[in-house]
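Observations on the model geometry
Residues per chain, in single letters:
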Amino acid sequence: MAAALQVVEQEGGDALTMRRVADEIGVSASSLYGYVANKEELVQLVLEQIMTEIPVPEPGGDWQDMLRAWARASLAVFRSHPGVAGLSLGRVPFGPAMLNVVERLLGTLRGAGLPDQVAAFAGDLGSLYVAAYAYEQDVTPVAEAGDFAAQAGAWLRSLPADQFPHTVALADLVVAGGGTDRFEWGLDVLIRGLASYLTSPPTAEARWPAGD
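Not measured: the values here are computed from a predicted model. (Residues numbered from 1 in each chain as written. Predicted model: local features only at pLDDT ≥ 70, side-chain atom pairs only at ≥ 80, totals over all residues. Heavy atoms only, no water.)

A volume near 560 Å³ is recorded for the largest pocket. What lines the largest pocket is a set of 26 residues, and nearest its centre among them are Pro93, Met98, Gly123, Asp124 and Ser127. Secondary-structure elements contributing two or more residues to the lining of the largest pocket are helix H4 (39-51), helix H5 (63-80), helix H7 (96-111) and helix H8 (116-139). Per element, the largest residue contribution to the lining of the largest pocket is 8 residues, and it comes from H8. Size it by volume and the second largest pocket reaches roughly 480 Å³. Forming the boundary of the second largest pocket are 15 residues, of which Ala145, Phe148, Gly177, Gly179 and Arg182 lie nearest the centre. Elements that contribute at least two residues to the lining of the second largest pocket include exactly H8, helix H9 (145-157) and helix H12 (179-196). At 4 residues, the largest contribution of residues to the lining of the second largest pocket is made by H9. (1 Å grid on protein atoms, 1.4 Å probe; cavity = no way out; pocket = protein on both sides within 12 Å on 5 of 7 lines; lining within 4 Å. Points joined across faces, edges and corners; volume = space filled by probe spheres on them. Helix = DSSP H or I, 4+ residues; strand = E, 2+ residues; numbered from the N terminus.)

Written out as structure tokens, the structure is:
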């Protein structure tokens, strides 16, 4: 797992192969199959290792504060291991560490009065948001975010105001805020949305699962 994680951090998730990990360790690729069945199992073990670094939310307290703390901690762990966030997209880790987090999240959300289906879906949505945000930060070609924002803002302000009146008027706001600001805003939107289910049942437009 340590060798696989090193490969991902140094070369990205696409570089993770059984042969590359074997080279990192200094053994033959065939010898790895005595420990893992295939690359997918190796990826799951890497994700499980990452999950152990994310603190399990403490019981009790405000559910919204708990979600914010968990999301921030998860993002910090992903950012400390470049490349891993991309591996998590499209996969569902079901190791012991992840199950402990899921159990605590479900218990907290149900205890707060959120509908069971909302509680069941919330973790998946939150995990997707955090992982996608971390992945974007891993792959962005922008070296200097401040310089890019300034240039983008100037370009937006230079557009013909008669064709793009709202874009020109909000140009500075469109490019405002750093990565942390935007992450926190998105997190606030998600949590506000979850809170709305405490008072308003889901509508048909929400594509609520049949039978609930």
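Past the structure itself, the notes keep going.
With that settled, consider the pattern of salt bridges. Inspection of every chain in the model, using the stated rule, returns 9 salt bridges. Across the salt bridge formed by Arg20 and Glu11, the nearest N and O atoms sit 2.6 Å from each other. Look at Glu11 and you get partly exposed, because its relative accessible area is 41%. Linking Arg157 and Asp172 is a salt bridge whose minimum nitrogen-to-oxygen distance equals 2.4 Å. Taken together, the residues Arg157 in helix H9 and Asp172 in helix H11 (residues 171-174) connect sequence positions 15 residues apart. Several salt bridges converge on common partners, so that one network encompasses Glu11, Arg20 and Glu24. (Salt bridge = Lys/Arg side-chain N within 4 Å of Asp/Glu carboxyl O. Buried < 20%, exposed > 50% of the residue type's maximum accessible area, 1.4 Å probe, protein only.)

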